[in-house]
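# An overview of the molecular structure
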Amino acid sequence: MKVLVINSGSSSIKYQLIDMSDESVMVTGLVERIGEDMGSLTSKTFPGTDREVKTEIEKPIPTHGVGLEMSIDLICKGENAVCAMDEIDVVGHRVVAGGEKFNVPVVITEDMWPDLTETERLAPLHNPANLGGAKDATKLFPGVPQVLVFDTAFHQTIPPHAFMYALPYEYYEEDHIRRYGAHGTSHKYVANECARLMGKPVEEMNLITIHMGNGASMSAVKNGLCADTSMGLTPLEGLVMGTRSGDVDPAVHNYLAVNRGLDIAAIDNILHKESGLKGLCGMNDMRDIHAAVEKGDERAKLALNVQTYRTRKYIGSYMAVLGRVDAIVFTAGIGENDDIVRAETIEGLEPFGMKIDPEANGIRSKEARRISTADSDVAIWVIPTNEELAIAREAVALIK
Ligand code: AMP
């Protein structure tokens, strides 16, 4: 079986073609700057193997539909084609928000569209683009099942006392305001991988999963199911991120409005795009922050400290949620690559049975690895996430 996985963003499309017979990646591609004067398409067939071929096209790409068609042409036609169009058995789409209705992956049917369109208000930056990609693919692949995999689905097991905000109840009933979380596909994938690596059923494991990239979130996973997560109604709540504030006092909005005369849209923009690491030190890439810390930049050090302190605080709260923690898993850009952030996050948690082995932590690798000492009660792991493979697996499981 061959699965095309599509992650359609506001001005980009990422895709992978995966051969499920051995879960190998046949093609990866990225379409960027859709709708701008000049767009680009970069594609690699058989990436990372000795058969790898890279193709780069620069030309205006007016719409997502055009970008997707160009990508399919590369995959299925021309000199570097890897398969015919009718060999693609299913298309899987990443969708950020599924709300309460879409708590499992679905094969799209025509009658779903009103409910799917409803979800757009929960993630106005992401869902219209995600669902638009699914519409484009439906036209390009008539008769091929289109599976939607929702980032929020894994978090739908969170109990009401953890997903409710203490707001007037009608805001939940009428406006659907509650915690939905995000990055669920990644949290679920690394939780399952951790269980597999430790040789235990995930249903018997309590885990804290830390997805830390440009966006960052954490989940408490109890007996294999999500019990709580740090992102909320939107992906703004929780940990300190590249440009997103994470948790702030909700009264900050009114305070800024009164003191700086800012309107709600401007404040929202600041919290999403001008805050987090960038707000604290002017840089949002952790590699730049480390370089600045080395040169003695105090603000960069502060940004690092605020970020690792916030994450540690969440670990503490999730220990209380779970009661017993079997493992902590770090994943995503920072989680997988940054030994300093990992070490500083866990620092001080030794009395709770969490001990990092500095040597294991310092090893750079693309493989999953345990980084805790042999006598650490809680296993600490670095497990590379693979959201595309997770989506492909869900898609295949559903159509089978
Ligand atoms: P992601 O959103 O998962 O793609 O993660 C992107 C972020 O990971 C970047 O903005 C960097 O802050 C961080 N990152 C990527 N590579 C490294 C690295 N080698 N060391 C530290 N941070 C890294």
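All values reported here derive from a predicted model rather than from experimental measurement. (Residues numbered from 1 in each chain as written. Predicted model: local features only at pLDDT ≥ 70, side-chain atom pairs only at ≥ 80, totals over all residues. Heavy atoms only, no water.)

Taking the numbering used here, the UniProt-annotated feature "active site" (unreviewed entry) corresponds to Asp 151. With respect to the element layout, Asp 151 can be found in the loop between strand E8 (146-150) and helix H4 (160-163). Each residue touching Asp 151, except ones within four places of it in the same chain, is listed here: Arg 94, Val 95, Val 96, Ala 182, His 183, Gly 184, Thr 185 and Glu 387. Within polar-contact distance, the side chain of Asp 151 engages the side chain of Arg 94 at 2.5 Å. (UniProt positions renumbered as here; feature names shortened; annotations may be inferred. Helix = DSSP H or I, 4+ residues; strand = E, 2+ residues; numbered from the N terminus. Contact = heavy atoms within 4.5 Å. Polar contact = N/O pair within 3.5 Å; in protein donor to acceptor, adjacent residues only side chain to side chain.)

All right, on to the site of the ligand then. Neighbouring the ligand are Gly 213, Asn 214, Asp 285, Met 286, Arg 287, Ala 332, Gly 333, Ile 334, Asn 337, Asp 338 and Arg 364. A distance of 2.9 Å is found between an oxygen atom of the ligand and a backbone nitrogen or oxygen belonging to Asn 214. Between the ligand and Gly 333, the relevant distance is 2.9 Å, taken from an oxygen atom to a main-chain nitrogen or oxygen of the residue. Burial of the ligand by the protein amounts to 71% of the accessible area it has alone, namely 500 Å². Listing elements by their share of the shell around the ligand, those giving two or more residues are helix H10 (286-294) and helix H12 (332-337). (Near = heavy atom within 4 Å. Areas by Shrake-Rupley, 256 points an atom, 1.4 Å probe, with all protein chains shown as cover.)

The subject of this paragraph is the nonpolar core. The nonpolar side chains of a soluble globular protein tend to be buried with one another. In this structure, Ile 208, Ile 210, Met 218, Ile 315, Ile 328, Ile 346 and Met 354 are the most contacted members of the largest nonpolar core, which totals 39 residues. A per-element tally of this core places helix H11 (residues 298-322) first, with eight residues. Leaving out residues up to four positions away in the same chain, Met 218 has contacts with His 187, Ile 208, Thr 209, Ile 210, Asp 228, Thr 229, Ser 230, Leu 239, Thr 311, Tyr 314, Ile 315 and Tyr 318. Phe 154, Val 190, Cys 194 and Ala 392 belong to the second-largest nonpolar core, a separate cluster that totals 33 residues. (Core = buried A, V, L, I, M, F, W, Y, C linked by side-chain atoms within 4.5 Å. Buried < 20%, exposed > 50% of the residue type's maximum accessible area, 1.4 Å probe, protein only.)

A few words now on the UniProt feature "binding site: substrate" (unreviewed entry) in the protein chain. Sites flagged by UniProt as "binding site: substrate" (unreviewed entry) map to Arg 94. Ignoring sequence-local partners within four residues, the contact set of Arg 94 consists of Ile 6, Asn 7, Asn 130, Val 149, Asp 151, His 183, Glu 387 and Ile 391.

For the rest of this paragraph, the subject is the sheet that holds strand E6 (residues 90-95). Strands sit in the order E5-E4-E3-E2-E1-E6-E8-E7 across an open sheet of eight strands; the sheet is mixed. Edge positions in the sheet fall to strand E5 (53-59) and strand E7 (106-107), since each has one partner strand and no second. As paired elements, strand E2 (residues 13-19) and strand E3 (residues 24-32) share seven bridges and run antiparallel to each other. Each residue of the ladder has a partner; that of Gln 16, found in E3, is Thr 28. (Pairing = 2+ DSSP bridges.)

Read from one edge to the other, the open sheet built from six strands follows the order E11-E10-E9-E12-E14-E13, with strand pairing classed as mixed. Each edge of the open sheet carries a strand with a single partner, namely strand E11 (225-229) and strand E13 (369-370). Note: strand E12 (residues 327-331) against strand E14 (residues 379-382), four bridges, orientation parallel. In the strand pairing of E14, Phe 330 is matched with Val 382. In this fold helix H13 (residues 339-346) packs onto strand E9 (207-212), E12, E13 and E14, with an angle of close to 150° to the strand it touches most, E12. (Axes fitted to C-alpha atoms, helices over the stretch in contact; angles between N-to-C directions.)

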